[in-house]
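Letter by letter, the chains look like this.
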Amino acid sequence: MEIRQEKASENELQSKPDESALGFGKYLSDHMFVMKYDEGLGWHDAVVEKYQDFSLDPAAMALHYGQAIFEGLKAYRGKNDQIYLFRPQANFERMNVSAARMCMPEFPVDTVCEGLKKLLELEKGWVPRAKGATLYIRPTMIATEAGLGVRPAKQYLFFIILSPVGAYYPEGFDPVKIFVTDKYVRAVPGGVGHVKTAGNYAASIMAAVEAQEQGYTQVLWLDAVERKYIEEVGTMNIFFVIGDEVITPPLSGSILPGITRDSVIQLARDWGITVQEKRLTIDDVLAAGENGTLKEIFGTGTAAVISPVGELNYKGTICPVNNGKTGELAQRLFDELQDIQYGEKPDPHNWVVQL
Ligand code: COI
């Protein structure tokens, strides 16, 4: 498919934000990639154009029944101003899994990768220079057909927008405090917990707000059936170092198959560390905290990167982790992943795509 390009005029371009105070998702670049879908016609009208409002019918089905999916990946500025992408293909393939689950049309991954590259060529200047700051890439698909019947829509919009970002959490890359909720659940077996659909995040906000009111950064979800097995954190997968074991919950169908999660498992295994994908109860974690075998907890995600956890609160029981400090494995994984993402270390798994 041909991808058109319609550049914004010089006077429409914004000045770039201060890289020392980017936060997360506050700034958006000057251009975006857009592609349309109509049943019978397929995907068409792919264009890189100036960032602007969409015109959307108030009855657009995404607004009513939530056929909306998204992804998150990043571009990094390495040595000699070289720009790198981390596992873009894996992100778009995962997005097609989300599309299939939500009865939305799958898209050609090659076209979208090409559209992203075209967009980034135009927006290179938006990839931050400061270490730790990156350009967050947000591919999204929504149902645009107007109608109030509950069924798969026949029209969709796919778009990619770009946002220069710093750390996701206000703590930066320092340890975060996590509230374990037994009041709310995130996903049930057979549901949509394994895909990146907007409603999963909407449903998580109340628990996050209540946790924040108590001084916690995020929520740790337990399984919806027995409310005892660890699932994941609001915006990241979770790992535990207990004794000599590194444990993360298995991809049971109700947690997100994180690309950072997969990369971390691979790196640890490359180093000869055994990573077990197995069910773990919150009581097991608290007991390990009590008997001194709980060494580290950390989360993994595109936005969060590697985020050490310094404390858990479960039903008022406080479980301090590694004296609230970043653990050795979390630090090593963070450093290694960053070095690969910035093109500073060999990339044995071919994760990085150079622009
Ligand atoms: C990501 O890590 O890219 C995510 O999707 C988390 C996001 C909801 C902030």
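### Digging into the site of the ligand
Taken together, Phe70, Gly72, Tyr136, Arg138, Tyr168, Lys196, Tyr201, Thr235, Thr302 and Ala303 make up the full set of residues adjacent to the ligand. Note that an oxygen atom of the ligand is positioned 3.3 Å from one of the backbone N or O atoms of Thr302. Relative to its free-state accessible area of 280 Å², the ligand is covered by the protein chains to the extent of 91%. Partitioned by chemical class, the residues of the shell around the ligand number 5 nonpolar, 3 polar and 2 charged. A domain-level breakdown of the shell around the ligand finds at least three residues from each of domain 1 (3-165) and domain 2 (176-341).

### Concerning the nonpolar core
In this structure, Phe33, Phe92, Phe107, Ile137, Met141, Phe158 and Ile160 are the most contacted members of the largest nonpolar core, which totals 46 residues. Considering every element that reaches this core, the biggest residue donor is strand 8 (residues 155-165), with 7 residues. Discounting chain neighbours no more than four positions away, the residues touching Phe158 are Phe33, Val34, Met35, Trp43, Phe92, Met95, Phe107, Val112, Pro139, Thr140 and Met141. If you look at the next biggest cluster of nonpolar residues, it comprises 26 residues, including Val176, Met236, Leu286 and Val321.

### Considerations on the pattern of salt bridges
Once their charged atoms are close, side chains differing in charge can pair, the charge on each being opposite to the other. The tally for this structure, following the rule as stated, stands at 18 salt bridges. The salt bridge involving Asp182 is made with Lys315; its shortest N-O contact spans 3.9 Å. With a gap of 133 residues between them, Asp182 in the loop between strand 9 (176-181) and helix 4 (198-213) and Lys315 in the loop between strand 16 (305-314) and strand 17 (317-320) connect regions that are remote in the sequence. For Glu210, the salt bridge identified is with Lys183, shortest N-O distance 2.9 Å. A residue pair is termed long-range when its members are at least 10 positions apart, and Glu210 in helix 4 and Lys183 in the loop between strand 9 and helix 4 qualify at 27 residues.

### Some details on the side chain of Gln341
If you trace the backbone, Gln341 turns up in helix 7 (residues 328-341). Among the residues examined, Gln341 registers a relative accessible area of 5% and is labelled buried. In terms of polar contacts, Gln341 uses its side chain to reach the side chain of Tyr76, at 3.2 Å. What Gln341 contacts, discounting residues up to four positions off in sequence, is Tyr76, Tyr84, Phe86 and Val352.

### A short note on the domain arrangement of the protein
Along its sequence, the protein is organised into domain 1 (3-165) and domain 2 (176-341). Centre-to-centre, using C-alpha coordinates, domain 1 lies 27 Å away from domain 2. Each side of the interface is counted separately: domain 1 has 23 residues, and domain 2 has 22 residues. A combined buried area of about 1800 Å² lies between domain 1 and domain 2, and 60% of that area is made up of carbon and sulfur atoms. In terms of surface lost to domain 2, no three residues of domain 1 exceed Phe70, Phe86 and Arg94, which account for 33% of the buried area on that side. Viewed at the interface, domain 2 and domain 1 are joined by 1 salt bridge.

### Focus: unusual backbone geometry
Even without being glycine, Asp81 reaches a positive phi, approximately 65°. Locating Asp81 in the fold gives a position in the loop between strand 5 (73-77) and strand 6 (83-86). Positive phi is not limited to glycine here, since Cys103 has a value of about 55°. In this fold, Cys103 is placed in the loop between helix 2 (88-101) and helix 3 (109-123). A relative accessible area of 47% means that Cys103 is categorised as partly exposed.

Conventions and cut-offs
- Residues numbered from 1 in each chain as written.
- Predicted model: local features only at pLDDT ≥ 70, side-chain atom pairs only at ≥ 80, totals over all residues.
- Heavy atoms only, no water.
- Near = heavy atom within 4 Å.
- Polar contact = N/O pair within 3.5 Å; in protein donor to acceptor, adjacent residues only side chain to side chain.
- Areas by Shrake-Rupley, 256 points an atom, 1.4 Å probe, with all protein chains shown as cover.
- Nonpolar A, V, L, I, M, F, W, Y, C, P; charged D, E, K, R; others polar.
- Domains from an automatic or database assignment.
- Core = buried A, V, L, I, M, F, W, Y, C linked by side-chain atoms within 4.5 Å.
- Buried < 20%, exposed > 50% of the residue type's maximum accessible area, 1.4 Å probe, protein only.
- Helix = DSSP H or I, 4+ residues; strand = E, 2+ residues; numbered from the N terminus.
- Contact = heavy atoms within 4.5 Å.
- Salt bridge = Lys/Arg side-chain N within 4 Å of Asp/Glu carboxyl O.
- Buried area = accessible area lost by both parts, 1.4 Å probe.

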